Amino acid sequence: MKTDQLSLMASQHNEHEQREPPPPPTPVVFPRLHTPSTQGASVLSKDELVRLFSSVPRNGPSIDYISSLNIQVTHDVDLETLVPNAYLPTLTWVTESSPAGGCDNVVQGASTKLLSNGAAIPDQAAFYIRAKELLLSNDAAFGFLQRRLPPSSGPPIRIAHFRKFWDNLLYMAEYWDTSLDKYTTVRESHRASLRSISRSPLRSLSKSPFRKRSRSPRGKHRAVLNSSPEPELPVQETYTGRRIGCGLNMPIRFREDAVCAFVETVAWAFRCRVERPKIEPKLQMNGMMLPIMQTASVYRTPQDTQKARKGTVEGPLIGIQCRNMHSFIKEGETEGEARGEVLDTMKETGLALIVAQKRMREGTTEQTTWNGKWWAEQRRWGGGTGEYSESIAFYTTSKGTFLRFISSGKQISLVEAASQPKSARANDEITRVPEKYIKLSPPSSTWDKNVDYMQVGKGQSQEYDDIYLVSSLNHHVSILHFRVAQQYTDFITNLPTSPHSSSDSSSPPWYILSVQRSRWYDLLNVEDRIEAMRGLWGIMGWLMRDTTSQPEEDVQMGDSDA
């Protein structure tokens, strides 16, 4: 609640008024890992994966983790390689609301086709009306949100589809936007004018008093001055600009809300939605469950209205991950091989594999590993008899397991003890029984009951699944495409001792995880916002195409070496 109040106050300050300087801006850096060559790489090894992922070093994973998964990353891939060109909007869609001189749809004959959920394919007009809101300058959009309307001579500003995105981008700009930063020096002698300077209501956030600098001469230069010079008074700096803090101190939810709103605006055009994870995301590697950071995912809305009203979704289609990391290379490390860069790549890879595992669940049911196990169905300690303590004895009959208090002779069943409210047994002898014993339960499920897991957008004849991620750092987003073979996902999930050989002669082979990454798009930049929207629009069109009407071939996304 307090953060919401501070954010509201922050969005109302005037960037043209002098105030206390915020902390210095946070440098904008990005990881750029140089993955080892996968030429001549061997098939994945169960023993090596278990050895590495069963215990991660405290200082972060090394490059060996990348090699064990055979990850091959290509940086700065253009959108024409990430997305099939037939589904990528052209640049004319940004400036024209309708095609000039005939039909100019992304997909040939798109006006007569439907999406996989039965909705009509969004046309050029739907793209243009949304892109027009992203073409606004930051000053114009922020002024509209802050009720500081532009002069009446200009065209009226309207923000509807991207309203949530602009709201959260304003909060991000107050930590990252340095375009209006201006520092002014004010001498101590001008105290009268200094008192008139308006101070930021969020002074506690900056934790930075006026920066003082002494202008008194030093060293040997003092000898050439008068014997009793009048020392100059210290100088105080004032600040005008948009920032109230630095990016290092920005609450991570501002980035998450802005990126999710940006993606959801595009997804809504295709009748899809963005959902936050309700269950902790975990990557399954046989008996190991590795927690992975996940911000949200894009799901398809079902055609069945009853299921849609219950909140059921289908997918996932795209994974979203926002990370609050600002430094990747420590002293003594080499760029491209630092542990921070490896860790960042592993976070993205882990989320991509989780999305692939969830999509592979189509047509299957959850198979729990604890069915029939004594430690999930029998009483604790293996069902043995005897006393747990000096005053409590356990015994089992045909009616269940009971506790007998030797001192008082009272007995109670475990089921009854667990069902009693805590207040009812606060002063009872049952409080001496460990709560963990009474509340013993099997591990939590990784299946969301409100999700119908499907491989949405995967062609019937495709042996590889196209996994897309929207990754965010600082105030930027990047689009990643993982080409994951079904055999690769199955191996990571089950870790078989000897993987089945595949007759697929495609390049790269199934045990190579090919990753293509776009450049980082700055959300505070107009051109980058439009490029990111074009990429997302093309990805949604590609994944939401109707793959059941007719069989189609595996579409190549472009040369991985591009």
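Residues numbered from 1 in each chain as written. Predicted model: local features only at pLDDT ≥ 70, side-chain atom pairs only at ≥ 80, totals over all residues. Heavy atoms only, no water.

Along the backbone of the chain there are 18 helices and 18 strands. With 562 residues in all, the chain has 47% of them scored as buried. Within the chain, contacts between residues at least 6 apart in sequence are counted, and of these 76% link residues at least 24 apart. With the model as given, the accessible surface of the chain reaches about 29,100 Å², and the carbon-plus-sulfur share is 50%. (Helix = DSSP H or I, 4+ residues; strand = E, 2+ residues; numbered from the N terminus. Buried < 20%, exposed > 50% of the residue type's maximum accessible area, 1.4 Å probe, protein only. Contact = heavy atoms within 4.5 Å. Areas by Shrake-Rupley, 256 points an atom, 1.4 Å probe, with all protein chains shown as cover.)

The subject of this paragraph is the nonpolar core. Here is a general trend for soluble globular proteins: nonpolar side chains tend to be buried in one another's company. Counting residues in each nonpolar core, the largest one holds 70 residues, and the members touching the most others are Trp-166, Val-298 and Met-540. Counting 39 residues, the second-largest nonpolar core is a separate cluster that includes Leu-52, Ala-485, Trp-510 and Val-515. (Core = buried A, V, L, I, M, F, W, Y, C linked by side-chain atoms within 4.5 Å.)

Attention shifts here to the packing of helix α6 (residues 124-134) against helix α18 (residues 526-543). Taken N-terminus to C-terminus, the directions of α6 and α18 make an angle of 150°; their axes are 10 Å apart at the nearest point. When the interaxial angle is binned, α6 and α18 end up roughly antiparallel. Here α6 and α18 pass one another in a crossing that is right-handed. Here Ala-126, Phe-127, Arg-130, Ala-131 and Leu-134 of α6 lie close against α18, whose contacting residues are Val-526, Arg-529, Ile-530, Met-533, Arg-534 and Trp-537. Per-class residue counts for the contact of α6 with α18 are eight nonpolar, no polar and three charged. (Axes fitted to C-alpha atoms, helices over the stretch in contact; angles between N-to-C directions. Parallel < 35°, antiparallel > 145°, perpendicular 65-115°, else oblique. Left-handed = near helix turned anticlockwise from the far one by under 90°. Nonpolar A, V, L, I, M, F, W, Y, C, P; charged D, E, K, R; others polar.)

Right, let's talk about the pairing of strand β6 (residues 282-285) for a bit. Taking every second residue as pointing to the same face, the buried face of β6 carries Leu-283 and Met-285, while none of Lys-282 and Gln-284 on the other face is buried. Where β6 and strand β7 (residues 288-291) come together, four bridges link them in antiparallel fashion. Bridge pairing in β7 places Lys-282 opposite Pro-291. From the end of β6 to the start of β7, which pair antiparallel, there are two residues, and Asn-286 there has a positive phi angle of about 60°. (Pairing = 2+ DSSP bridges.)

On to the packing of helix α7 (residues 138-145) against helix α8 (residues 163-176), then. The N-to-C vectors of α7 and α8 enclose an angle of 105°; their axes lie 10 Å apart at closest approach. Relative to α8, the element α7 lies roughly perpendicular. Between α7, through Asn-138, Ala-141, Phe-142, Phe-144 and Leu-145, and α8, the contact on the second element is made entirely by Arg-163, Trp-166, Asp-167, Leu-169, Leu-170 and Ala-173. Looking at the contact of α7 with α8 residue by residue, the classes come out as eight nonpolar, one polar and two charged.

In the predicted model, the chain carries a mean pLDDT of 80, and 69% of its residues have values of at least 70. Every residue in residues 381-390 is under pLDDT 50, and counting partners more than four places away or in other chains gives 11 contacts. For residues 424-432, every residue scores under 50 in pLDDT, and the model assigns this stretch 17 contacts once sequence neighbours within four places are set aside. (pLDDT = per-residue confidence, 0-100.)

Tallied over the entire structure, the rule returns 17 aromatic pairs. For the pair Phe-127 and Trp-537, a centre-to-centre distance of 5.2 Å together with 90° between the ring planes defines the contact as edge-to-face. Here Phe-127, found in helix α6, pairs with Trp-537, found in helix α18; they are 410 residues apart in sequence, far enough to count as distant. Trp-537 shares its class with Phe-127; the two are buried. Relative to Phe-262, the ring of Phe-165 has its centre 5.2 Å away and its plane inclined at 55°; by these criteria the two rings are tilted. Linking Phe-165 in helix α8 with Phe-262 in helix α11 (residues 252-268), this pair joins segments that are 97 residues apart in sequence. (Phe/Tyr/Trp six-rings, centres within 6.5 Å; stacked < 30°, edge-to-face > 60°.)

Moving on to the pattern of salt bridges. With the rule as written, the count across this model stands at 19 salt bridges. Between Glu-80 and Arg-534 there is a salt bridge, and its shortest N-O distance comes to 3.9 Å. With Glu-80 in helix α4 (residues 79-82) and Arg-534 in helix α18, this pair connects stretches of sequence that are 454 residues apart. In this structure Arg-534 comes out as buried when scored by relative accessible area, which is 5%. With its nearest N and O atoms 2.6 Å apart, the salt bridge here joins Arg-323 to Asp-344. Here the residue Arg-323 occupies a position in the loop between β9 (313-322) and α13 (339-359), and Asp-344 occupies one in helix α13, the gap between them amounting to 21 residues. In terms of burial, Arg-323 and Asp-344 fall into one category: buried. The structure contains a network of salt bridges with shared partners spanning Arg-253, Glu-256, Asp-257 and Arg-276. (Salt bridge = Lys/Arg side-chain N within 4 Å of Asp/Glu carboxyl O.)

By secondary structure assignment, the location of Arg-359 is in helix α13. For Arg-359, a relative accessible area of 0% translates into the label buried. With near-sequence residues (within four places) excluded, Arg-359 lies in contact with Pro-316, Leu-317, Met-454, Gln-455, Val-456, Lys-458, Asp-465 and Ile-467.

Moving on: the state of the cysteines. Evaluated as defined, the whole model comprises zero disulfides. Free cysteine: Cys-260, not disulfide-bonded; nearest cysteine sulfur from Cys-322 at 5.7 Å. The exposure class assigned to Cys-260 is buried, which follows from its relative accessible area of 7%. (Disulfide = S-S within 2.5 Å.)

Further remarks concern the environment of Arg-148. With respect to the helices and strands, the residue Arg-148 is situated in the loop between α7 and α8. The class for Arg-148 is partly exposed, based on a relative accessible area of 34%.

All right, on to the side chain of Asn-168 then. Relative to the helices and strands, Asn-168 is located in helix α8. Asn-168 gets classed as buried once you look at its relative accessible area, which sits at 11%. At 2.8 Å, the side chain of Asn-168 forms a polar contact with the backbone oxygen of Lys-164. Excluding its chain neighbours within four sequence positions, the residues that come into contact with Asn-168 are Phe-254, Asp-257 and Ala-258. (Polar contact = N/O pair within 3.5 Å; in protein donor to acceptor, adjacent residues only side chain to side chain.)

In this section: unusual backbone geometry. Glycine aside, a negative phi is what most residues show, and trans is what most peptide bonds show. Cis peptide bonds are those with omega within 30 degrees of zero, and the linkage from Gly-315 to Pro-316 qualifies with 5°. Structurally, Pro-316 can be placed in strand β9. Backbone geometry places Leu-495, a non-glycine residue, at a positive phi of 50°. In this fold, Leu-495 is placed in the loop between α17 (486-494) and β17 (513-517).

So, about helix α2 (residues 46-53). Taken as a whole, α2 has its buried residues at Leu-49, Leu-52 and Phe-53. Around the axis of α2, the buried residues are gathered within 80° of arc, so they sit on the same side. For α2, the exposed residues set more than 90 degrees away from the buried face come down to Asp-47 and Arg-51. Packing partners of the buried residues in α2 comprise α3 (63-68), β6, β7, α13 and α17. Residue Ser-45 occupies the N-cap position of α2, its side-chain oxygen lying 3.4 Å from the main-chain nitrogen of Glu-48. (Arc of directions from axis to C-beta.)

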